[in-house]
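Architecture at a glance
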Amino acid sequence: MELGFHIPIFDIDGGTGAIAGELARVGASAEASGATWLSFMDHFFQIEPTGLPAEAHMLEGYTTLGYLAAHTSTIELGLLVTGVTYRHPGLLAKIVTTLDVLSGGRAALGIGAAWFEREHRGLGVPFPPVAERFERLEETLRICGRMWDPDDNGPFEGKHYQLAETLCSPQPLHRPKVLIGGGGERKTLRLVARYGDACNLFASSPSDVEHKLDVLRRHCDDVGRNYDEIHKTVLANNPRPSPDTRDEFVRAMADYAKLGVHAAIVTPTTGSPAAWIDGMAPAVARLAELG
């Protein structure tokens, strides 16, 4: 099992002026640990599940990833996850392509249907009903597939998006991995089966994750997809691990590894996420032993 780090909090020790240096140290620490994934949230305002108010610091996700691309060399970079409502899909594909080219082929597209209404209303971003957001998500996945096909620059005609050309030059160095976040059984996991290279589930319990993976397997059977091709990841915050509980965390992840989960993603919440990552680093080798 692999380990990834997800950074949701930018209230850094030392204040706003210390953020850039701390994030550079985060990249160095994550790579030195042997972790395979580094991500940020895609939000305009901070979200309540972090325990912080909306007024807490939040950086724009892809700008932050671009900065980390220059301060890392091996780790995969993505957002967990892009809200489909935040950017026009043609622009989103171009942004992820740019990140991939400038990072040497390390960009991933993490994407979901979006949910935080306050930030949409606050910044004037349209927030359609949930059914429409999922329709837009599927069209966006199709558009990104077309944008990353060098042999098809033709138009796209969808219900919500119309593109006269799906031209994307340069092409990504490596086609970005598409990670679809969420465990919705009727829509989200169906989209994973049809379009996703990876899924991300909450590690609420091994039994819950086992059930979600069974649902995903059925969707794969329905669309003729090889279930084993899909990279399974979990956001492992139940309970949230720390360097002090590192051994307990590794033992808990063994049950998920038995289910075929490939990667556990953990989130520091301290004012120095780089130091937190340094403290978690020994877990990388321990998790690798789980298979």
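Because the structure is predicted, anything quoted here is derived from the model rather than measured.

About the thresholds
Residues numbered from 1 in each chain as written. Predicted model: local features only at pLDDT ≥ 70, side-chain atom pairs only at ≥ 80, totals over all residues. Heavy atoms only, no water. Helix = DSSP H or I, 4+ residues; strand = E, 2+ residues; numbered from the N terminus. Phe/Tyr/Trp six-rings, centres within 6.5 Å; stacked < 30°, edge-to-face > 60°. Buried < 20%, exposed > 50% of the residue type's maximum accessible area, 1.4 Å probe, protein only. Lys NZ or Arg CZ within 6 Å of the ring centre and 35° of its normal. Axes fitted to C-alpha atoms, helices over the stretch in contact; angles between N-to-C directions. Parallel < 35°, antiparallel > 145°, perpendicular 65-115°, else oblique. Contact = heavy atoms within 4.5 Å. UniProt positions renumbered as here; feature names shortened; annotations may be inferred.

For the rest of this paragraph, the subject is unusual backbone geometry. The amide bond that connects L80 to the next residue, V81, takes the cis arrangement and shows omega of -10°. Turning to its location among the elements, V81 is positioned in the loop between β3 (76–79) and β4 (82–83). Here N238 and P239 are connected by a cis peptide whose omega angle stands at 0°. Mapped onto the fold, P239 is located in the loop between β10 (231–235) and α8 (246–258).

On to the packing of aromatic side chains. Under the definition given, this model contains four aromatic pairs. Their ring planes at 85° and their centres at 6.3 Å tell us that F5 and W276 sit as a pair that is edge-to-face. Note that F5 is positioned in strand β1 (residues 2–7) and W276 in helix α9 (residues 273–280), a separation of 271 residues in sequence. Residue class for W276 comes out buried when judged on its relative accessible area of 7%. Taking the centre distance of 5.9 Å and the plane angle of 20° together, the rings of F10 and F40 count as stacked. Remark: F40 occurs in strand β2 (residues 37–40) and F10 occurs in the loop between β1 and α1 (19–33); sequence separation between them is 30 residues. Given the relative accessible area of 1%, F10 is considered buried. What makes F40 buried here is its relative accessible area of 0%. Its end group placed over the ring of Y227, R217 keeps NZ or CZ at 3.9 Å from the ring centre. Sitting above the plane of the Y227 ring, K232 keeps its charged end 3.7 Å from the centroid.

With that settled, consider the packing of helix α2 (residues 61–69) against helix α3 (residues 89–103). At a minimum axis distance of 9 Å, the contact between α2 and α3 shows a crossing angle of 10°. Here α2 is positioned roughly parallel relative to α3, judged by the angle of their axes. Residues Y62, L65, G66 and A69 of α2 touch α3, and the partners they reach there are L92, I95, V96, L99 and S103.

Per the UniProt entry, the sites bearing "domain: Luciferase-like" (unreviewed entry) are residues 15–233 in this numbering. End-to-end, the C-alpha atoms of residues 15–233 are 32 Å apart, and along that stretch the chain is 41% helix and 15% strand.

Considered for burial, the residues of helix α6 (residues 188–195) that qualify are T188, L189, L191, V192 and A193. Lining the buried residues of α6 we find α5 (130–147), β8 (177–181), β9 (198–202) and α7 (206–223).

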